[in-house]
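Coordinate analysis (summary)
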Number of protein chains: 4
Amino acid sequence: MPVTQNGPADARTRILDAAEALFATSGYDATSTALVARRAEVPKGLIFHYFPQKIELLVALIEERVLIEVMPEEAVEAVPGDPARTLSRVARRFPLHASPAMRRILFREADTHTSVRDRLGRLNGEVFRRARRALELALPGARGDAARLEVAAGTFAAVLLYQENLSQLTGERLDPDAVADLIARALG
Amino acid sequence: MPVTQNGPADARTRILDAAEALFATSGYDATSTALVARRAEVPKGLIFHYFPQKIELLVALIEERVLIEVMPEEAVEAVPGDPARTLSRVARRFPLHASPAMRRILFREADTHTSVRDRLGRLNGEVFRRARRALELALPGARGDAARLEVAAGTFAAVLLYQENLSQLTGERLDPDAVADLIARALG
Amino acid sequence: MPVTQNGPADARTRILDAAEALFATSGYDATSTALVARRAEVPKGLIFHYFPQKIELLVALIEERVLIEVMPEEAVEAVPGDPARTLSRVARRFPLHASPAMRRILFREADTHTSVRDRLGRLNGEVFRRARRALELALPGARGDAARLEVAAGTFAAVLLYQENLSQLTGERLDPDAVADLIARALG
Amino acid sequence: MPVTQNGPADARTRILDAAEALFATSGYDATSTALVARRAEVPKGLIFHYFPQKIELLVALIEERVLIEVMPEEAVEAVPGDPARTLSRVARRFPLHASPAMRRILFREADTHTSVRDRLGRLNGEVFRRARRALELALPGARGDAARLEVAAGTFAAVLLYQENLSQLTGERLDPDAVADLIARALG
DNA sequence: TATGAATGAGGATTCATTCAT
DNA sequence: GATGAATGAATCCTCATTCAT
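Residues numbered from 1 in each chain as written. Chains lettered and ligands numbered in written order. Predicted model: local features only at pLDDT ≥ 70, side-chain atom pairs only at ≥ 80, totals over all residues. Heavy atoms only, no water.

With an unreviewed UniProt entry as reference, chain A is termed TetR/AcrR family transcriptional regulator, source organism Actinomadura craniellae.

What follows is the structure, encoded as structure tokens:
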């Protein structure tokens, strides 16, 4: 993993940039390494210098460009007594740091590549965990039993995770804040 | 379009069966027509007799094996005053008739193939429409303004649509009835 | 060779019509029997009923639709003392009866199919023989020795045979009457 | 465009050599790229490294191996007062530099491939132009009006262009010098 | 005669990968 | 590191031909 940062962008970076764009548009299988090379403006052979197998391109992208922030349990913040604003905060601090292209890759290739699915699973787990923890902090005591809170966290996580896919399907957006508000009412 | 249903399934059906299974497992791009032929136990050439282009296999699968029931507005039923049971009904009458394999294909290939995305979009639209209409019927009058109802319907549709994908990621199930109950509380 | 002439055009005729048009446009090799069938509006199998091998389509076309009139030596007419009008007559009574499409096929496929080349060779021979005989009749006696007459006949035959190909290349026409006049002057 | 001329001929040259021989014998359509590879003793894939589409093999052959010398108007030479020897010279300085195999390809594929037809048309134009110019120089002044000269040039060009095709048909040769002599008499 | 499903060899082309330089 | 020619298996697809009905 050389981290030299010379010139306008070193070859390895250009290769990953190209792969990211192409995998996002056409999918991993439908993208040839030759096309990646052309787009990256590097000779075909060089790709295999950095990534001896094509699949390593995908793995490297996922590992280096899909960052999932793991927040320790105790760092999760909440607005006590206000589950709506609490969930809104969770939405705003979404633990996924990735370009729109990488998000598409993440969701698309998760279906067939285990390493990608693991990443996406971890993301989902993190979102779910944060939502639940935040709700526990916002609503201490008896109000809302544990099971309902679990369902609320799961629902919110599902919406956060898939809202982008949804809006690609229909064009309509599902506003996370509005969903936060809805769920808060259910727990209130 | 032969519809004969003789003996051990005619060739065209066997081809579609094979394609369905393989596309679901490995994805459309990663599945070769030769493999489909082998699995269907037909000669390679016959595939192109029925489906002159590989993509037509996918299109035929989607068109013939992903049925989306369109329910007329007036046929949507509700349990007046009980949004929870109303949404549960919506969940139970999910308008998608498709095998688990076809569901995977539907979600996976939607990302790159327009015709598939259209189908999935239509499904989402139908679920959303039903949920909203059912809620309107369950909660007539002033209770719950229109905007909130819209959000509720959208959230429920998102959960129904993506619960399968979610449970593949984490193993945990998000029970639609529990989500129905949650949303009902928010509107109650 | 069934000669039944029922309906608007029997199947065999329609097949040959289609083959003629397609072979002329794209060449024999580049034309599939399936395309011939589609254009003839007959089922694929029927072609092989009439023409068990694809090549027989070409052979039948040449045999049935490229008619070369063989004129007996004594029937060749001339305008005594006027070789120009004599050659013009030869040009007008060109012994090839074939559609423009068939002419293209004749010239194109002669290069690779012996039976077609034979036909074209026979045509050339006939034209040459007629030109020579006509010139002999037009110029009896000593004027113009035999060798020169031979060359004149050959030149005229070449022009008649290839004028179509020439005009396809450049758009310009080489008027046979003018060439007849030219050659007549040489012999005069 | 590697021009290295090392050892036993580089791969690209061997591929073109093989294609030339095979296209000439069987025609472009009837020659498979696999056969070209076998004859060139290169792996199948290498053909597509140099010529991404099969048609580019034909185009490259025409462009690189069919050279048509364009002679400037003022360079055309004539023997003043002797059109026969003048035309003989034109025949001897035929502007086509190509192997017999390439000549066959040129004539055969002109019928279906525009780029080839263009080349052949250019050749014909050049021959015609030279013949006309040479005759103008050989016969200055009033003798022979322009129209007749045009016909003479056209006739001579036709004979030069198609004499090879003719002799393949009948075995008999049409001697260009004899035709030159004939035409000269017509103009004399 | 007519029909179109069936067959499998062969076609052009793509592709990940290797390797000598 | 860099380069692009080389490799050959695999891919999608075409095709002449057969054959049961």
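This paragraph deals with unusual backbone geometry. With the exception of glycine, most residues fall at negative phi, and the peptide bonds are largely trans. Backbone geometry places glutamate 41 of chain C, a non-glycine residue, at a positive phi of 55°. Its location among the elements puts glutamate 41 of chain C in the loop between helix H2 (33–40) and helix H3 (44–50). (Helix = DSSP H or I, 4+ residues; strand = E, 2+ residues; numbered from the N terminus.)

Counting residues at the interface gives 40 residues for chain A, matched by 40 residues for chain B. Summing the contributions of chain A and of chain B, the shared interface buries around 3400 Å²; its carbon and sulfur component is 62%. Contact with chain B buries area across many residues of chain A, yet Arg108, Leu169 and Leu182 of chain A alone supply 21% of it, more than any other trio. Where chain A touches chain B, the interface holds 3 salt bridges. Of the charged contacts in the structure, one is a salt bridge between arginine 104 of chain A and aspartate 111 of chain B, with a shortest N-O distance of 3.1 Å. Taken together, the connections running from chain A to chain B amount to 5 residue pairs in polar contact (both at pLDDT 80 or more). Mapped by element, the contributors of at least two residues to the side of chain A that touches chain B are helix H1 (11–26), helix H6 (100–109), helix H7 (114–138), helix H8 (146–170) and helix H9 (176–187) of chain A. Of the residues belonging to the side of chain A that touches chain B, the class tally is 18 nonpolar, 11 polar and 11 charged. (Contact = heavy atoms within 4.5 Å. Buried area = accessible area lost by both parts, 1.4 Å probe. Salt bridge = Lys/Arg side-chain N within 4 Å of Asp/Glu carboxyl O. Polar contact = N/O pair within 3.5 Å; in protein donor to acceptor, adjacent residues only side chain to side chain. Nonpolar A, V, L, I, M, F, W, Y, C, P; charged D, E, K, R; others polar.)

A separate point is the UniProt feature "domain: HTH tetR-type" (unreviewed entry) in chain A. UniProt records the feature "domain: HTH tetR-type" (unreviewed entry) at residues 9–69 of chain A, using the numbering of this structure. Regarding residues 9–69 of chain A, the helix share stands at 70% and the strand share at 3%, and the terminal C-alpha atoms are separated by 26 Å. (UniProt positions renumbered as here; feature names shortened; annotations may be inferred.)

Now for the protein's contact with DNA strand E. Near DNA strand E you find 27 residues, and of these Thr33 and Phe48 of chain A, His49 and Tyr50 of chain B together with Phe48 of chain D are the closest. Here DNA strand E approaches the protein such that, of its atoms within 4 Å, sugar and phosphate make up 70%. A distance of 2.6 Å separates a phosphate oxygen of DNA strand E from a polar atom in the side chain of tyrosine 50 of chain B. A distance of 3.5 Å is found between a base nitrogen of DNA strand E and a backbone nitrogen or oxygen belonging to glycine 45 of chain C. For the surface near DNA strand E, the secondary structure elements donating two or more residues are helix H2 (33–40) of chain A, helix H3 (44–50) of chain B, H3 of chain C together with helix H2 (33–40) of chain D. Taken together, the residues that form the surface near DNA strand E break down as 11 nonpolar, 12 polar and 4 charged. (Near = heavy atom within 4 Å.)

Its rotation angle being 180°, the transformation that places chain A on chain B also includes 0.1 Å of axial translation and leaves an RMSD of 0.1 Å. Each copy turns onto its partner about a two-fold axis. Distance from the rotation axis, computed per C-alpha, reaches its smallest value in chain A at alanine 186 of chain A: 2.0 Å. With an isologous cut-off of 70% or more, the 100% of interface residues of chain A that recur at the interface of chain B puts this contact in the isologous class. (Least-squares fit on C-alpha atoms with pLDDT ≥ 70 in both.)

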